[in-house]
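Descriptive structure summary
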Amino acid sequence: MIFVERTAKPQVLYRNEMSWTAAIVAAKKNFDNNSSENNKRALDKAIKKYGNNEIKQVLIKMFHGKCAFCESYIENVDYGDIEHFKPKSKFPELAVTWSNLLLSCKKCNGAGQKGDNWPEPSEGGPLINPCEENPEDFFEFEFDEKTLMSIVIPINERGNASEKIYGLNKHTLLIDRKNMFRCW
Ligand SMILES: [Zn+2]
């Protein structure tokens, strides 16, 4: 995971971020008052505005086609997911907020990893946002010249929680990093 500088907000969000957010907040209020199927559908529909293709394209460019967490190139095998740093299930009002959107591969966006996970400070949170904080302040890389294995070592509590939830030392990533060293 590396620091990625956030680029300018997509035009579609300059035009719609406020009205889309207002619609989500209103739909959430209706759903909280009456959790009917209709109100659930209306809330889902309001939240889904984030899936706009222009937003996706700007994120792909900003992350150079790589996942915000595992840095795998997504474009060869997938279209990539728009990832909500603060999960939209817990923070629906941030579903179309530019500063909350990242690009992620399906695996990292899955329930077993980042997904909807949002640890509280008592659980080692908040997670590290690669567009707001430098991962180098939370991790060190340990490289074993014999095995060519490069392991992410958390150096504080938030680094620890993020390494676990983002799966930064999962076997497939260790192999990937090893292959990268072989190519050099
Ligand atoms: Zn990933």
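The coordinates are above.
Numbering of residues starts from 1 in each chain and follows the order in which that chain's sequence is written. Only residues with pLDDT of at least 70 get local features here, since the model is predicted, and only at 80 or more are side-chain atom pairs given and counted; chain-wide, interface and lining totals rely on the full set of residues. Water and hydrogen atoms were dropped before computing side-chain values, which therefore reflect all heavy atoms in the structure.

1. What about the coordination of the zinc ion?
This is how the line gets drawn: A donor here means an N, O or S atom no more than 2.8 Å from the metal, or no more than 3.2 Å when the metal is Na, K or Ca. Since water is not included, a site may seem to lack partners. Buried residues are those whose accessible area, probed at 1.4 Å on protein chains only, stays under 20% of the maximum for their type, while exposed residues exceed 50% and partly exposed ones sit between those limits.
At this site the zinc ion is bound by Cys-67 (SG), Cys-70 (SG), Cys-105 (SG) and Cys-108 (SG), with donor distances of 2.3 to 2.4 Å. Each donor residue of the zinc ion belongs to the same chain, and together they define the spacing C-x2-C-x34-C-x2-C. Neither Cys-105 nor Cys-108 differs from the other in exposure class; each is buried.

2. With respect to the packing of helix α1 (residues 11–33) against helix α2 (residues 37–47)
The condition is simple: Every axis corresponds to a line fitted to the C-alpha atoms, with the helix fit spanning only the stretch in contact, and the corresponding angles, defined between N-to-C directions, vary from 0 to 180 degrees. For helices the rule is a DSSP run of H or I covering at least 4 residues; for strands it is a run of E covering at least 2, with both sets numbered from the N terminus onward. Oblique is the label for any angle not under 35 degrees, not over 145, and not in the 65 to 115 range, which are roughly parallel, roughly antiparallel and roughly perpendicular in turn. The crossing is said to be left-handed when, going from far helix to near helix, the turn is anticlockwise and less than a right angle, and right-handed when the turn is clockwise. In this analysis, two residues are considered to be in contact whenever any of their non-hydrogen atoms come within 4.5 Å of each other. Three categories are distinguished: nonpolar for Ala, Val, Leu, Ile, Met, Phe, Trp, Tyr, Cys and Pro, charged for Asp, Glu, Lys and Arg, and polar for the others, with Gly belonging to the last.
At their nearest, the axes of α1 and α2 sit 9 Å apart, and the two run at 160 degrees to each other. By the angle between their directions, the pair α1 and α2 is classed as roughly antiparallel. The handedness of the crossing between α1 and α2 comes out as left-handed. Residues Ala-23, Ile-24, Ala-27, Lys-28, Asn-30 and Phe-31 of α1 form the contact with α2, whose participating residues are Asn-39, Lys-40, Ala-42, Leu-43, Ala-46 and Ile-47. For the contact of α1 with α2, the residue count by class is 8 nonpolar, 2 polar and 2 charged.

3. Points about the nonpolar core
Heads up, the rule is: Take the buried Ala, Val, Leu, Ile, Met, Phe, Trp, Tyr and Cys residues and link them wherever side-chain atoms come within 4.5 Å; each set so joined is a nonpolar core.
Formed by 43 residues in total, the largest nonpolar core has its most connected members in Leu-13, Ile-55, Leu-59, Phe-63 and Tyr-166. Sort the elements by how many residues they give to this core and α1 lands first, with 5 residues. Those residues in contact with Ile-55, other than ones at most four positions away along the chain, are Pro-10, Val-12, Leu-13, Trp-20, Lys-49, Tyr-50, Ile-82, Trp-98 and Leu-101.

4. Some points on the pattern of salt bridges
What counts here: One side-chain nitrogen of Lys or Arg within 4 Å of one carboxyl oxygen of Asp or Glu is enough to make a salt bridge.
Under the defined criterion, the tally for this structure stands at 8 salt bridges. A salt bridge links Lys-40 to Asp-44; its shortest N-O distance comes to 3.0 Å. Pair noted here: Lys-40 and Asp-44 are both in helix α2, with a separation of 4 residues, about one helical turn. You can call Lys-40 partly exposed: its relative accessible area is 33%. Owing to a relative accessible area of 28%, Asp-44 belongs among the partly exposed residues under this scheme. Note that Asp-78 and Lys-106 form a salt bridge whose closest N and O atoms lie 3.8 Å from each other. Residue Asp-78 is found in the loop between α3 (53–62) and β1 (81–84), and its partner Lys-106 is found in the loop between β2 (101–104) and β3 (139–144); the two are separated by 28 residues along the sequence. Given a relative accessible area of 23%, Asp-78 falls into the partly exposed group. Owing to a relative accessible area of 51%, Lys-106 belongs among the exposed residues under this scheme. Each of Asp-78, Asp-81 and Lys-106 takes part in salt bridges that share partners, so that together they form one network.

5. Examining the packing of aromatic side chains
This is how it is decided: Under the pairing criterion, centres of Phe, Tyr and Trp rings, with the six-membered ring standing for Trp, must be within 6.5 Å; the plane angle then separates stacked pairs below 30 degrees from edge-to-face pairs above 60, leaving the rest tilted. Charges are assigned to positions over rings by a cutoff of 6 Å between ring centre and Lys NZ or Arg CZ, combined with an angular limit of 35 degrees from the ring normal.
Tallying each qualifying case throughout the model produces 3 aromatic pairs. Summarising the aromatic geometry, the rings of Phe-69 and Tyr-166 are spaced 4.3 Å apart at their centres and angled 35 degrees between planes, so their arrangement reads as tilted. Here Phe-69 is found in the loop between α3 and β1, whereas its partner Tyr-166 is found in helix α4 (residues 157–166), with 97 residues between them in sequence. Residue classification places Tyr-166 among the buried positions, given a relative accessible area of 0%. On the basis of an interplanar angle of 90 degrees and a centroid distance of 5.2 Å, the ring pair of Phe-85 and Trp-118 is categorised as edge-to-face. One end of the pair, Phe-85, is in the loop between β1 and β2; the other, Trp-118, is in the loop between β2 and β3, and 33 residues separate them in sequence. Comparing Phe-85 with Trp-118, the two get one shared label, buried. Among the aromatic residues, ring-to-ring pairing joins Phe-85, Phe-91 and Trp-118 into one connected group. Positioned above the aromatic ring of Trp-98, the side-chain terminus of Arg-6 is 5.0 Å from the ring centre. The ring of Phe-91 carries Lys-86 above its face, with NZ or CZ at 5.3 Å from the centroid.

So yeah, pure geometry; function would need other evidence.
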